[in-house]
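One letter stands for each residue in the lines below.
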Amino acid sequence: MSRIGKMPVNLPAGVEVSVDGSNTVKVKGPKGELQEQVSKLVKVEINDSVLSVTRSADDKNSRSQHGLARALINNMVAGVTNGYEKKLQLVGVGYKAEKRGTMLVINLGYSHPVELEDPDGITTEVTTPTEIIVRGINKADVGNYAANIRAWRKPEPYKGKGVRYVGETVRRKEGKTGKK
């Protein structure tokens, strides 16, 4: 039995979950609404504000889909109640960010500023010129957009300059040494 798949998902007050015939799970909560198509190999049941996921067979594919479906549904429930956020930090001389409407404008040492439009369901906030917060209700979308911002200038190992997640450690390398 899948350790993740067999755990029940507790539905907090104010969260509504519905499952239709094509195994599409819709979760509606105070922050918004999400939906996800889960595999036909699993069955989603709702009893007294507790959601459980069971599988029909015991083959390898069914076992993997069991844990995946439960994790996706749990992430949707957490997203519509609390939401998700990723914090990014700009490290480097002259690296700064600002918000212009729905545009995120970042100076990363290129000859031009990087302008990124916030996708639907995602908001960005610049708390200080060197810190960006990405917020949303869909965990995958928040992580993907934060990774896209980070991809513009990944932290380099010699000076540590670049865009990094808050709390991320960058392995530093020793630079060249002179003649002895």
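This text follows the structure it describes.
Each chain carries its own residue numbering, running from 1 in the written order of its sequence. Reporting in this predicted model follows two pLDDT cut-offs: at least 70 for local features of residues, and 80 or more for side-chain atom pairs to be given and counted; totals over whole chains, interfaces and linings ignore these cut-offs and use all residues. Based on all heavy atoms of the structure, the side-chain values leave hydrogens and waters out of the count.

Focus on helix α2 (residues 139-151)
And then number 1: Numbered from the N terminus, helices here are DSSP runs of H or I no shorter than four residues, and strands are runs of E no shorter than two. A helix is expected to span 1.5 Å multiplied by its residue count minus one. Across its 13 residues, α2 extends 18 Å between first and last C-alpha, which sits within 8% of the 18 Å expected from 1.5 Å per residue.
And then number 2: Only protein chains enter the accessibility calculation, which uses a 1.4 Å probe. A residue is then buried if its area is under 20% of the maximum for its type, exposed if over 50%, and partly exposed in between. Within the sequence span of α2, burial applies to Val142, Tyr145, Ala146, Ile149 and Arg150. Buried residues along α2 cover an arc of 140° about the axis, so they all sit on one side.
And then number 3: Buried residues along α2 sit against β7 (84-91), β9 (103-107), β10 (114-117), β11 (122-128), β12 (131-136) and β13 (162-165).
And then number 4: The definition of a polar contact used here is a pair of N or O atoms within 3.5 Å, where within protein one atom must be able to donate a hydrogen and the other to accept one, and adjacent residues in sequence count solely through side-chain atom pairs. Its side-chain oxygen placed 3.1 Å from the backbone nitrogen of Ala140, Asn138 serves as the N-cap of α2. In this context, the arc is that of the directions from the helix axis out to the C-beta atoms. Any two residues having at least one pair of non-hydrogen atoms within 4.5 Å are treated as being in contact.

What about helix α1 (residues 60-81)?
And then number 1: Its 22 residues give α1 an end-to-end C-alpha distance of 33 Å, which sits within 8% of 32 Å, the value for a rise of 1.5 Å per residue.
And then number 2: Along α1, the positions that sit buried rather than exposed are Ser62, His66, Gly67, Ala69, Arg70, Ile73, Met76, Val77, Gly79 and Val80.
And then number 3: On its buried face, α1 is in contact with β1 (9-10), β3 (24-29), β4 (32-37), β5 (42-47), β6 (50-55) and β7.
And then number 4: Positive phi appears at Gly83, one or two residues downstream of α1, with a value of about 85°.

Observations regarding the layout of surface pockets
And then number 1: Points on a 1 Å grid, built from protein atoms alone, make a cavity when a 1.4 Å probe fits but cannot get out and make a pocket when they are open with protein on both sides within 12 Å along at least 5 of 7 lines; residues with an atom within 4 Å of a point are the lining residues. Grid points are joined across faces, edges and corners, and a volume is the space filled by probe spheres set on the points. Taken as a whole, the largest pocket encloses approximately 150 Å³ of empty space.
And then number 2: Looking at the largest pocket, the residues that line it are Leu34, Gln35, Glu36, Leu72, Asn75, Met76, Ile137, Asn138, Lys139 and Ala140.
And then number 3: For the lining of the largest pocket, the residue count by class is 5 nonpolar, 3 polar and 2 charged. Ten residue types, Ala, Val, Leu, Ile, Met, Phe, Trp, Tyr, Cys and Pro, are classed as nonpolar, four, Asp, Glu, Lys and Arg, as charged, and the remainder, Gly among them, as polar.

Focus on unusual backbone geometry
And then number 1: Even without a glycine there, the phi angle at Asp48 is positive, about 50°.
And then number 2: The residue Asp48 is located in the loop between β5 and β6 in this model.
And then number 3: Backbone geometry at Ser49 places phi at a positive 55°, although glycine is not the residue there.
And then number 4: Note that Ser49 resides in the loop between β5 and β6.

Topic: the sheet that holds β10
And then number 1: When DSSP finds two or more bridges between a pair of strands, those strands are recorded as paired. Across the sheet, which stays open at both edges, the 3 strands sit in the order β8-β9-β10 with antiparallel pairing between neighbours. With one partner strand each, in any of the chains shown, β8 (96-100) and β10 form the two edges of the open sheet. Going across the sheet, the axis of each strand differs from the next one's by a mean of 20°, ignoring polarity.
And then number 2: When β8 meets β9, the two strands line up antiparallel, connected through 5 bridges. Bridge pairing in β9 links Ala97 to Ile106. Every angle, taken between N-to-C directions, lies between 0 and 180 degrees, and every axis is a line fitted to C-alpha atoms, over only the stretch in contact when it is a helix.

Structural notes on the pattern of salt bridges
A side chain with one charge can pair with a side chain of the opposite charge if their charged atoms come near.
And then number 1: Only one rule defines a salt bridge in this text: a Lys or Arg side-chain nitrogen within 4 Å of an Asp or Glu carboxyl oxygen. Scanning the entire structure with this criterion turns up 7 salt bridges.
And then number 2: Among the ionic pairs, Lys99 bridges to Asp118, the shortest N-O distance being 2.3 Å. Within this pair, whereas Lys99 is found in strand β8, its partner Asp118 is found in the loop between β10 and β11, the two being separated by 19 residues in sequence.
And then number 3: With relative accessibility at 13%, the residue Asp118 sits in the buried group.
And then number 4: For Glu168, the salt bridge identified is with Arg150, shortest N-O distance 2.8 Å. A residue pair is termed long-range when its members are at least 10 positions apart, and Glu168 in the segment after β13 and Arg150 in helix α2 qualify at 18 residues.
And then number 5: Relative accessible area serves as the criterion here: at 24%, Glu168 is assigned to the partly exposed category.
And then number 6: A residue is classified by how much of its surface remains accessible, and Arg150, at 18% relative accessible area, is buried.
And then number 7: Ionic contacts of the salt-bridge type, sharing partners, join the residues Glu85, Glu125 and Arg135 into one network.

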